[in-house]
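Residue-level listing of the chains:
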Amino acid sequence: MTTTTHVDSVRHAEDTPDVTQPYRELGLKDDEYLRIREILGRRPTDAELAMYSVMWSEHCSYKSSKVHLKYFGETTTDEMRAAMLAGIGENAGVVDIGDGWAVTFKVESHNHPSYVEPYQGAATGVGGIVRDILAMGARPLAVMDPLRFGAADAPDTRRVLPGVVAGVGGYGNCLGLPNIGGEVVFDPSYQGNPLVNALCVGAMRVEDLHLAHASGTGNKVILFGARTGLDGIGGVSVLASDTFAGDEGGTGRKKLPSVQVGDPFTEKVLIECCLELFREGIVVGIQDLGGAGLSCATSELASAGDGGMHVWLERVPLRARGPGLRASGREARRPVPGRRRRAGRPAASVHIGRAAGRGPAHGRLAQPVLAAVGDRAVRPVRAGRDRAGPAVGLGHDPHRRADRPWRRHLL
């Protein structure tokens, strides 16, 4: 018996406008779903709906915190900008410190993942912030970790705290990065909602600065780092699974955690690989894969450039088979658009080969999987069929914001 797999293509979406879609199950609100239909001029395909759900999540779009984060942009002075090489909107901040040197730093939270699975949640928080520093062209030097937990004698604090501390320390140690500072505060207000903040600082020469954009029609885009697995699916849109074990549904596979499983040893190799590529001068733009995986990297690179992305999903290196562009999106992978080889520049072809996994020093980290194209769209393709054609910049709709109640809490 032959089984036919249905593909919800763009054409099929146009022909079936009234199909009921599980947007609420993916974490989208009613008004957000209507906004997606307005942007596309039709209902989204299954792939587009999944992409929008992760890119418009709290984790990726900052739709609640942007109300408060805008304060930093509004209060930045010309004197501050004089030494600022990169700021809001980039992977990390970069400041010129003189004598041709710059420092780059960023702090980011990994709160809910660390509450669901303390060790891996905290560990992958460190891994993600280190990759943000690396994506600017800098060598990561050290990490820090400001932490907030509920009451010290609360049972839930005793469950969460040991794993968070071990995850932060274990991942940084495997990368060879010292933890140069941090703080721990206990207060009942953080009960059930610990704050796990990871900070990384790096250094580089000013001329080595790299930004997250992909320009140049026909340029190759390299995906490299850890292979894609099934852990981490739904990690930014519908974070917590009902349980980490349960009904196998006839597939022989228990439910996998929605918190990404870290691999610091692959990331250590990735650091050296990226720095070598930077030294050879063949990188046009670079972007870490955040919680939204390929959806995040492709749309953000293209949005900041002047083209789109044509994504061949069959070429994504896998360690397991399963659905979705979101699988294992966080861990140790970057797409790097490489310049096309020019006459008199043989090193470019050699080192693009290294990025694709043929470099003797780095093992098989990756292969070319994407190509920047001329139209302003991100088009994932599998088995020759378009799975989506959404507008570039999925996470950057200025109309989306959430004004939530808040209060100042002083310790």
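What counts as what
Residues numbered from 1 in each chain as written. Predicted model: local features only at pLDDT ≥ 70, side-chain atom pairs only at ≥ 80, totals over all residues. Heavy atoms only, no water. Helix = DSSP H or I, 4+ residues; strand = E, 2+ residues; numbered from the N terminus. Polar contact = N/O pair within 3.5 Å; in protein donor to acceptor, adjacent residues only side chain to side chain. Contact = heavy atoms within 4.5 Å. Buried < 20%, exposed > 50% of the residue type's maximum accessible area, 1.4 Å probe, protein only. Axes fitted to C-alpha atoms, helices over the stretch in contact; angles between N-to-C directions. Parallel < 35°, antiparallel > 145°, perpendicular 65-115°, else oblique. Left-handed = near helix turned anticlockwise from the far one by under 90°. Pairing = 2+ DSSP bridges. Core = buried A, V, L, I, M, F, W, Y, C linked by side-chain atoms within 4.5 Å. pLDDT = per-residue confidence, 0-100. Phe/Tyr/Trp six-rings, centres within 6.5 Å; stacked < 30°, edge-to-face > 60°. Lys NZ or Arg CZ within 6 Å of the ring centre and 35° of its normal. Salt bridge = Lys/Arg side-chain N within 4 Å of Asp/Glu carboxyl O.

**Quick look at the side chain of Ser114**
Mapped onto the secondary structure, Ser114 falls in helix H7 (residues 111-116). Polar contacts involving the side chain of Ser114 include one to the main-chain carbonyl oxygen of His110, which spans 2.6 Å. From its side chain, Ser114 meets the backbone nitrogen of Ala122 in a polar contact 3.3 Å long. Residues within four places of Ser114 in sequence aside, it is in contact with Gly121, Ala122, Val160, Val164 and Val196.

**Section: the side chain of His110**
Tracing the backbone through its elements, the reader meets His110 in the loop between strand S3 (101-109) and H7. Judged by its relative accessible area of 5%, His110 falls in the buried class. Within polar-contact distance, the side chain of His110 engages the backbone oxygen of Gly121 at 2.5 Å.

**Here's the deal with unusual backbone geometry**
Positive phi values are uncommon outside glycine, yet Asp99 reaches one of about 60°. Tracing the backbone through its elements, the reader meets Asp99 in the loop between strand S2 (93-98) and S3.

**Concerning the packing of helix H9 (residues 155-175) against helix H10 (residues 264-280)**
Relative placement of two packed helices is described by the angle separating their axes and the distance separating the axes. Here H9 crosses H10 at 40°, and the two axes come no closer than 8 Å. Between H9 and H10, the angle is such that the two are oblique. In the packing of H9 onto H10, the handedness of the crossing is right-handed. Where H9 approaches H10, its residues Tyr171, Cys174 and Leu175 are matched on the opposing element by Pro264, Phe265, Glu267, Lys268 and Ile271.

**Describing helix H3 (residues 46-55)**
Three- or four-residue spacings in an α-helix give side chains the same orientation, since the helix completes a turn every 3.6 residues. Of all ten residues making up H3, seven are buried, and the element is well covered by its neighbours. Among all positions of H3, only Glu48, Leu49, Met51, Tyr52, Ser53, Val54 and Met55 are buried.

**Topic: the sheet that holds strand S6 (residues 195-205)**
Sheet strands pair via backbone hydrogen bonds, and the direction of the pair is either parallel or antiparallel. In space, the six strands of this open sheet follow the order S1-S2-S3-S6-S4-S5, with mixed pairing throughout. A strand with exactly one partner marks an edge of an open sheet, and here the two such strands are strand S1 (84-86) and strand S5 (179-186). The mean inter-strand angle of the sheet, taken between neighbouring strand axes irrespective of direction, is 20°. Taken strand by strand, helix H8 (residues 118-135) contacts S3, strand S4 (139-149) and S6, and its axis lies near 25° from that of S6. Contacting S4, S5 and S6, H9 runs over the sheet at an angle of about 175° to S4.

**Section: the nonpolar core**
Judged by nonpolar contacts, the single largest core of 39 residues is most densely connected at Val126, Val130, Val164, Phe224, Cys274 and Phe278. Put simply, the parts of the chain that give this core at least two residues each are H8, S4, H9, S6, strand S7 (220-225) and H10. Looking at this core, the element that brings in the most residues is H8, giving eight residues. Counting twelve residues, the second largest nonpolar core, distinct from the first, contains Tyr23, Leu26, Tyr33 and Ile36.

**Description of the confidence of the model for the protein chain**
Per-residue pLDDT for the protein chain has a mean of 74; in total, 67% of the residues score no lower than 70. Low pLDDT, under 50, characterises residues 323-364; the predicted model gives this stretch 163 contacts beyond four residues in sequence or across chains.

**Section: the packing of aromatic side chains**
To describe a pair of aromatic rings, you give the distance between the ring centres and the angle between the ring planes. The final tally for this structure, using the stated rule, is four aromatic pairs. Taking 5.6 Å as the distance between ring centres and 75° as the angle between the ring planes, the aromatic pair formed by Tyr71 and Phe72 counts as edge-to-face. One Lys or Arg, Arg159, reaches over the ring of Tyr115 and ends 4.9 Å from the middle of that ring.

**With respect to the packing of H8 against H9**
Packing of H8 against H9 brings their axes to within 7 Å, and their N-to-C directions diverge by 35°. With respect to the hand of their crossing, H8 and H9 are arranged in right-handed fashion. For the pair H8 and H9, the contacting residues are Pro118, Tyr119, Ala122, Ala123, Val126, Gly127 and Val130 in the first and Arg159, Val160, Gly163, Val164, Ala166, Gly167, Val168, Gly170, Tyr171, Gly172 and Leu175 in the second.

**So, the environment of Leu134**
Secondary-structure assignment places Leu134 in helix H8. The buried category is assigned to Leu134, whose relative accessible area is 1%.

**Things to note about the pattern of salt bridges**
Scanning the model with the defined rule gives 14 salt bridges in all. Between Arg24 and Asp30 there is a salt bridge, with its nearest N and O atoms 3.0 Å apart. Taking relative accessible area as the criterion, Arg24 reaches 56% and is therefore assigned exposed. Of the charged contacts in the structure, one is a salt bridge between Arg81 and Asp78, with a shortest N-O distance of 3.2 Å.

**Some words on the environment of Ala198**
Position of Ala198 among the secondary structure elements: in strand S6. Look at Ala198 and you get buried, because its relative accessible area is 8%. Spatially, the C-alpha atom of Ala198 lies 9.4 Å from that of Ala123, the residues being 75 residues apart in sequence. With near-sequence residues (within four places) excluded, Ala198 lies in contact with Lys106, Val107, Glu108, Gly125, Val126, Ile129 and Met144.

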